[in-house]
Every structure is written in C-alpha cells, then in structure tokens.
Amino acid sequence: MVMGTRKPHESAEGHVTGKAIYTDEQRAPAGMLSAYPVTAPHAKARISSIDVSAALAVEGCVTVLTAADVPGHNNTGVIVFDEMLFPTEEISHWGQAVVWTVGTTEAAARQAAERVVVTYEPLEPVLTIEGAIATQSFHTQTQTMRRGDPQAAFQTADYRLSGELTVGPQDHFYLETQTSWVIPDGEGHYQVYASTQHPTETQIIVARVLGISSNQVVVTCLRMGGAFGGKESQANPYAAVAAIAARKTGCPVRVKLNREHDMTLTGKRHGFLGRYDVGFSQDGKITALDAHLYADGGWSLDLSPPVLSRAMLHVDNAYYIPNLEVRGSIARTNKVSNTAFRGFGGPQGMLVIEEIVDRIARALRLPPELVRERNFYHGTGETNTTHYGQELFDNRLARVWAQVQADANFAERKEAIAQFNQASPYQKRGLAITPVKFGISFNKVCYNQAGALILIYTDGSIQLNHGGTEMGQGLHTKMLQVAADSLGASIERFRIMSTSTDKVPNTSATAASSGSDLNGQAVKDACETLKARLAPLAAALLGFENPEDIVFEADWVYCRTYPGPKIRFEQVVQEAYNRRISLSATGYYRTPNLSWDPEKGQGRPFYYFAYGAAVSEVEVDGFTGTFKLRQVDIVHDVGESINPLVDRGQVEGAFVQGMGWLTMEELIWDDTGRLRTFAPSTYKIPTVSEIPEHFEVHLLQRAAQDGVIYGSKAVGEPPFMLAISVREALRAAVAAFGREGNVPLASPATPEAISNAIETVRARSTAQGARSTPQTAVFKALE
C-alpha cells in the first residue's frame, strides 16, 4: 500500500544533482540552429519598414523569419484568433517580437538581430486599466453574475461604504524560461520538445501555423522547471517560431528565451481593479454587495475570459452574501497578454472581498476575525449556497477555522501582541486569520477529462503514460503511487514516461489544480482494465473459480478468501503473454455532474471545494516599512492525502508565492510602456530569509472526499490564497501605529506602501485628536 505514504518526489535526486534533463539540456541533434527575437521599442506603433539585409550578412546567420515565412495561419490565439505571431502592421506592446533571426549559434542569431532595422510610427498606447476605462478599450462585453437585489438591500442596510482596490500583477518567474526544440524528419513531420503545460494545445498551434494536420506533429514535454500557469498557453508562440524555422531551413531549431526576454515577452498574473459598494448590519453581516472587477488583459485575449470568470466566482470567498451583483470587464491595454497564473483569477476576486471585510470590521470597531466568522457560509440551503447557485455540501470552513485558531493559540497571542504594541512605539506586531474556499474544476467543462496508457512488458516492468505534465509539483510521483496501488505492483516496476501527444492524445492542460484528480482516475481506469484481463488467468493458475476474488497486492497475486497460495505478478504477466492476452490498456476519465450557463452565471462549475485557513504574525518597523514574518500556522483540506510530503510542499510553496505577490513582487512599467522590473535585480521574489522560523502546516485529518481519486483533493492552487493572512496581519500592525479606522494598504504591500500606510494612520490620529467616532468619515449610516 503506497497511498498516503510520504514518498519523495520521483525526480528529487535528479533535481538536486543536476541530472534531471530539461528541454534545452538534451543532447542536441546535429545542425541545430537557434532563433532570437527582434523586439519593438514602443508600446504601440505602426510598422513602416523592415530591413533584414544587414542581418543576413552576419556570419552564422542562416535566415530571418517574417510573416511571409508562415505557411499556415500567422496566429497563435487560443480562444479567438487575435494574437499575430509576426506583427505585420502594428506593434501592440513594448518588447513585442517583430521578426526572429536564426543562426548556427545563439550568439550569431543575437548579433544578426542587432542588425535588423525596423522603422516605426509611434502611436498613443493605453497602459492602465483606468486608461482603458476612460477610452472604453475592452476585449469583450461585460459579464454579470447576480443573486438577490443589492440595490434594494442597500436601502435597508444599517451602514454602507464604497471603495476600490488596485491589485498588482505578478511574474511567474519560473526557473526554466520558455523553451522549445523542433526537429523535422524530412518527410513533413515534426517532433516538438516543449516546456509546456498543455502539449495538445501546443500541437494544435504548431500544426496551425505550419498549415498541416495535428497528426504530423508530436509534442513531448520532458518536465518543466516551474510553470505556475505561465506555460499553459504562453509556450505556444515559441514552439511555433521554432517550427516555422525548422520548416524553412530543414534543420532542428531551438528557442530559449533569456530572462529579460521572458519577462518582457510573456504574460503575467492579471492586474485587477475592484470597485465596490457594500451594505452591512450593525453586527458586521454583509447584506448587499455590488462590485465591478476590471482585469488587465493586455494586448490580446489569451485566457482572460475564464480568468475573469473565476475571479467573479470567488469574489465571495468563504462568505454568504444574500444580495450580490458582480460585473467583470477585460481591459485591452498595450502590455503583454496576461495569462493563467496559480489561482487563475481566484486570488484577485478573494482579495477584494477580504479588503471589504476588514473595512467593515474597522468601521464597526469589531475584530476582523469575528466579522469573517459571522459571514461564513453555514447550515444548509440558501445560507450555504453560492451566488452562482452551487451548494457547499462539503463545507469544512468551521473545521479548518476552529482547528487553526487552536493550533496557533490565536486568542492568547492576540492579547500578547496588544501588550507588545502598547510598550513598543517604533515596532508593531499584527496577527490575522483568513479563510479560503476554492472551487476545483476547469471553468470550461470539456477540459475536465483525461487519458492514460499503461504498457506491461513480459519481465513484469511497466511503462506509465498519462496526459498530465510535470513541472515540479509532484504529479508524476502521485501517478506512480496511484498506478502501483491500483495494479498491485511495486512502485519500482514502473517507469514514468514523458508526456507526449503520440501516447495520450487530446490532453487537457495540467492546470486548475486538477492534474491528480483527472489523470489519477484515468490511470486507475487503465489499471482496472488490465486487472480485469489478468484476474481470470490468475484464478486458473491458482486453481480457483472466481476471478472477482483475486487480489493483486505488493507484487503478489492471491485469492481474497483463501490467501495461502500466491504467485508473483511477473508470472501472471508472462503467462498472459503466452496465452495472447493484451498487456497494454488505455484509461479514461471525465468529471461528472458539471454544468455552467455563462449567460445566466448559474450552475455547478466545480466538482468540489478545497478549504483552508491561515494565521500569520508579522512585525513592522515604523522607520523603514520593512516587516518580518514571525509565525505562520496553516490548516488545509487536501482530503485523504495521496502523498503528505508532496502535499505539504505544495501548501508551503503556494503560501510563499502568494506572500511574494502580496508583499514584494512589484512589476513597474514606465510612461512609455516599457517594463522596468525585468530581472531579479529589480523584481524581488521571496527567498529563504522571508520564511518564518515557525511555519506549521497541518493537513486536515479524517477528510476523505467522495468521488475523487482515493479520497484526495487538489492542492496546487488553493493554499496560494492563504497568504492573504500576511497582508491582513500587516494591516493590523499598521493600524497599531494610529487610532481606529480604515487602513489603506496598497497591493503589493512593499516597504514603501507600508510606510505610506503608517504615515496615513499617524496623520489621521493627529487630526482626530480626542474625537471618538473616526468611522463616521468612512461610512454613512442610512436612516
């Protein structure tokens, strides 16, 4: 039995020794060429001319790729065809690749790129969401989801307040930048090695630009050095460029972006602007919410519609709001085309409601954790049903909330922090607890399917193929455990194969935290098929009549009701071959009972929900605005964990990445639309020094989920939002520098933003003097 055991990552040794092979670390085929982009120095401009003659004169330059070299469609859009691979008339964002040089070495291609002369006629760009609103620059029509009648509820609310929150974007900053190799076979077929989360989509896009059918393209993903959503759709253009170059030259071609190009060419987590109007009662219960979420889509649509939809679906987070209307718009700006990122819009929507809850608590002078708890989904029926009509039959909010408070000694520490703050004028501490409710399934129903292929060889060794991709998250490790347990064979018998479209076709992206759910069920299905074939044979070999009594376990095969006689797994396999019984099987799974009506904004878009809660404690320096994260306690619901070691790593990693988004990862564009934070020297991600010494993660026990693979739950994305507790702890610490009232805190809460917030609360305290009702400036009581 390997389910539920703490198995190390299947490639852990390779990772730490450097022996794990990534796309650009393979042994290069003879004659491989390198492609290099020529990028635009404008956010928006008309292309006047392109002169490549000087580039072609560079020693080692083989060719220059332009739109004229595309044999198929010059477009890599994944939802709509609005993403030209080679721009022909206009530049849409600063740093956009105009043409690509191809050289015998990367250095030659780079030197040739420097010689390409492109002339432009600059145009006025749209660089912000506010600018897009002012000019009505949007990709799509506004979406709406509604429950009840917020406008009528406002009239009877005890109190009402309004505001807005700007939510910053985030770069994926995976260790391995975008990489693709394309190898032509000379007969019109192409082998693509790509660092992609979605091999099938990459296959489709490469076939599209080449003007050939998908069966002439095989896409293989060995593994990725991180992805976080940034290689779901964004890997496609680079595979497409390499494919066009391979077709034109007849040679293998590689594209490997350097860090600066990766940061200036690829999309980010969507920046958001949330505007809201909220009504609430004297005890802090939200009675009405009207919100408008604006997502910065960038220059093309990419995956922005489902990202925005998920933000709207999660604008409630863990809270029952009887009257709610949320609208969503996708701003068209002259920036990179923003894309999927861990949480897929959910974090932005949840951050807005957590901002609102904190404002309500401070306006009423109530503890924020009390206001949060009073608004939780609870009971059955209406008060346990989301604004899109899905009831939380598996509601575990109360469990994780109570357990994390107990684990963290929340009440005692809050009192101790209050005493510390009274005695410390220049350093203040803050403590906060926040919940997470996150829906699991792809927004697009057809993506909720997966396939697998298992091949057993006569010596009893096994190859395991499935449609999911490995990006360091441990999916392959879990699939090995699922296969070993399902087939009753030791895990050492299995070889996990690279994900490839010629083994498992029509795969869904490894995204939406669904990799284990979908592929695990497909692997299990293939194993059950093989056991069904082998069981009658094993029964005959053992001298029993009923195949249904045969057990496959730990490399042995025996009868459940008379377990004495046993035979080895490989003996059954060899005899199956001798008797011409197939030793390979495909598996398939589709998530049942999903429905969604995008026009009404109603349905059951999620198969289940994952829950969690986190308590964070910070200490803020009043002179510099810097902070130290002193302690984190987390309780997270992963169902019945397939691998607690992997799951714990995912919870820790997601939390730290979320903390980076909310506190330090600041993307800055200048007035021309040029990204200025394009390297680790200017774009700061969390390091080991930001990790608290006390970092406790508890996986919720006795939490098996019905209807999913071995009772487990998704874990990739939900813990990311637990980091909101750090932001709220910072807000609590900043509030301690002044008197009661709203604490305006920018996102990300960089030291500069924290310093500004401290100055604001101090200035307000000075102005208020002895006045006792500061909240009257924040909200207006309605008679």
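Predicted, not measured: the structure shown is a model, and the values here were computed from it.

Summing up its helical and strand segments, the protein has 19 helices and 30 strands in all. Taking 28 Å as the expected radius of gyration for a compact globule of 783 residues, we find that the protein reaches 28 Å, a close match to that expectation. Seen through its C-alpha atoms, the protein measures out along the principal axes to roughly 90 × 80 × 50 Å. Taken across its 783 residues, the protein has 61% of its residues classed as buried. When contacts within the protein are restricted to residue pairs at least 6 apart in sequence, long-range pairs at least 24 apart make up 80% of them.

A few words now on the sheet that holds strand β17 (residues 449-456). On the basis of which strands lie adjacent, the open sheet formed by four strands has the order β19-β18-β17-β24 and mixed pairing. Bordering the open sheet on either side are β19 (494-496) and β24 (584-590), each of which pairs with just one other strand. The average angle at which neighbouring strand axes cross in this sheet is 20 degrees, direction not considered. In the sheet, β17 pairs with β24 via seven bridges, with the strands oriented antiparallel. Within β24, the position partnered with L453 by the bridge is T586. The strands touched by helix α15 (residues 515-542) within the sheet are β17, β18 (462-466) and β24, with β24 carrying the most contacts at an inclination of about 140 degrees.

Right, let's get into the packing of helix α10 (residues 346-364) against helix α18 (residues 724-735). Orientation of α10 relative to α18, taken along the N-to-C sense of each, is 30 degrees, at an axis distance of 11 Å. By the angle class used here, α10 and α18 are roughly parallel. Crossing of α10 over α18 shows right-handed handedness. Contacts from M350, L351, E354, E355, D358 and R362 of α10 reach α18 at I724, R727, E728, R731, A732 and A735.

Let us now look at the packing of aromatic side chains. Within this structure, the stated rule accounts for 16 aromatic pairs. Here the aromatic rings of F606 and F609 are separated by 5.7 Å at their centres, their planes lie at 70 degrees, and the arrangement is edge-to-face. Judged on exposure class, the residue F606 and its partner F609 are both buried. Joined through ring pairs, the aromatic side chains of Y388, W596, F606 and F609 make up one cluster.

A few words now on the side chain of Q234. Topologically, Q234 is positioned in the loop between β11 (217-221) and α7 (236-249). Looking at Q234, its side chain comes within polar contact range of the main-chain oxygen of S337, at 3.2 Å. In this structure Q234 touches Q178, L265, T266, G267, D302, S337 and T339, once residues within four positions along its chain are discounted.

All right, on to α10 then. Note: α-helices contain 3.6 residues per turn, so residues at a spacing of three or four share the same orientation. Between its first and last C-alpha atoms α10 spans 27 Å; for 19 residues at 1.5 Å apiece the expected length is 27 Å, and the two agree. Immediately downstream of α10, the backbone of R365 shows phi near 55 degrees, a positive value.

Right, let's get into the pairing of strand β1 (residues 33-39). Of all seven residues in β1, six are buried, a share of seventy percent or more. Bridge count for β1 against strand β12 (residues 253-256) is two bridges, and the pairing is parallel. Across the sheet, the residue bridging to S34 is R254, located in β12. As judged from the six bridges shared by β1 and strand β5 (residues 97-103), these two strands associate in the antiparallel manner. Bridge pairing links Y36 to T101 in β5.

What follows is about the sheet that holds strand β2 (residues 45-51). Ordered by their spatial adjacency, three strands build an open sheet running β4-β2-β6, and the pairing between neighbours is antiparallel. The open sheet is flanked by β4 (90-91) and β6 (117-122), the only strands paired with a single partner. As defined by bridge partners, β2 adjoins β4 across two bridges and the pair is classed as antiparallel. Bridging across to β4, R46 finds its partner in E90.

Inspection of helix α16 (residues 569-578) places F569, V572, V573 and A576 among the buried residues, and these make up the whole buried set. Looking straight down α16, one finds its buried side chains confined to an arc of 100 degrees; they lie on one side. Positive backbone phi, approximately 60 degrees, marks R580, located one or two places after α16.

Counted under the stated rule, the structure contains 40 salt bridges. The salt bridge partner of E570 is R568, with a shortest N-O separation of 3.4 Å. Look at R568 and you get partly exposed, because its relative accessible area is 25%. Notably, a salt bridge pairs D637 with K713, separated by 2.5 Å at the nearest N-O pair. Of this pair, D637 sits in the loop between β28 (627-636) and α17 (644-663) while K713 sits in the loop between β29 (694-699) and α18; the two residues are 76 residues apart in sequence, bridging distant segments of the chain. Judged by relative accessible area, which is 2%, K713 ranks as buried. Overlapping salt bridges bring together E354, E355, D358, R362, R372, R727, E728 and R731 as one network.

This next bit is on the packing of α17 against α18. Where α17 meets α18, the closest approach of the two axes is 8 Å, and the angle between their N-to-C directions is 45 degrees. Comparing their axes, α18 and α17 come out oblique. Contacts between α17 and α18 involve F655, M659, L662 and T663 on the former and, on the latter, I724, S725, V726, R727 and L730. Of the residues in the contact of α17 with α18, the class split is six nonpolar, two polar and one charged.

Looking now at the environment of H292. Along the chain, H292 turns up in strand β14 (residues 286-298). Classification of H292 as buried rests on a relative accessible area of 12%. Look past the residues within four positions of H292 in its chain and what remains in contact with it is T142, L273, G274, R275, R327, G328 and S329. Engagement of the side chain of H292 in a polar contact is seen with the side chain of Y294, the distance being 3.4 Å.

A regular strand places its side chains so that they alternate between the two faces of the sheet. Of the strand pairs in this sheet, strand β21 (residues 550-553) and strand β22 (residues 556-559) are connected by four bridges, and their pairing is antiparallel. Across the sheet, residue I550 finds its bridge partner in β22, namely C559.

Here N465 lies in strand β18. Excluding its chain neighbours within four sequence positions, the residues that come into contact with N465 are A452, L453, L455, M497, S498, K503 and V504.

The next point concerns the environment of S765. Assignment of secondary structure puts S765 in helix α19 (residues 751-768). A relative accessible area of 16% means that S765 is categorised as buried. Sequence separation between S765 and G271 is 494 residues, and the spatial gap between their C-alpha atoms is 32 Å. Contact partners of S765, with chain neighbours within four places excluded, come to G738 and R739. From its side chain, S765 meets the backbone nitrogen of R739 in a polar contact 2.6 Å long.

To continue, consider the side chain of T266. Tracing the chain through its elements places T266 in the loop between α8 (259-265) and β13 (272-280). Looking at T266, its side chain comes within polar contact range of the main-chain oxygen of D262, at 2.5 Å. Leave out the neighbours within four places in its chain, and T266 touches Y174, Q178, Q234, Y238, L257, H261 and V336.

Parameters at a glance
Residues numbered from 1 in each chain as written. Predicted model: local features only at pLDDT ≥ 70, side-chain atom pairs only at ≥ 80, totals over all residues. Heavy atoms only, no water. Helix = DSSP H or I, 4+ residues; strand = E, 2+ residues; numbered from the N terminus. Rg over C-alpha atoms; globule rule 2.2 N^0.38 Å. Buried < 20%, exposed > 50% of the residue type's maximum accessible area, 1.4 Å probe, protein only. Contact = heavy atoms within 4.5 Å. Pairing = 2+ DSSP bridges. Axes fitted to C-alpha atoms, helices over the stretch in contact; angles between N-to-C directions. Parallel < 35°, antiparallel > 145°, perpendicular 65-115°, else oblique. Left-handed = near helix turned anticlockwise from the far one by under 90°. Phe/Tyr/Trp six-rings, centres within 6.5 Å; stacked < 30°, edge-to-face > 60°. Polar contact = N/O pair within 3.5 Å; in protein donor to acceptor, adjacent residues only side chain to side chain. Expected span 1.5 Å × (residues − 1). Arc of directions from axis to C-beta. Salt bridge = Lys/Arg side-chain N within 4 Å of Asp/Glu carboxyl O. Nonpolar A, V, L, I, M, F, W, Y, C, P; charged D, E, K, R; others polar.

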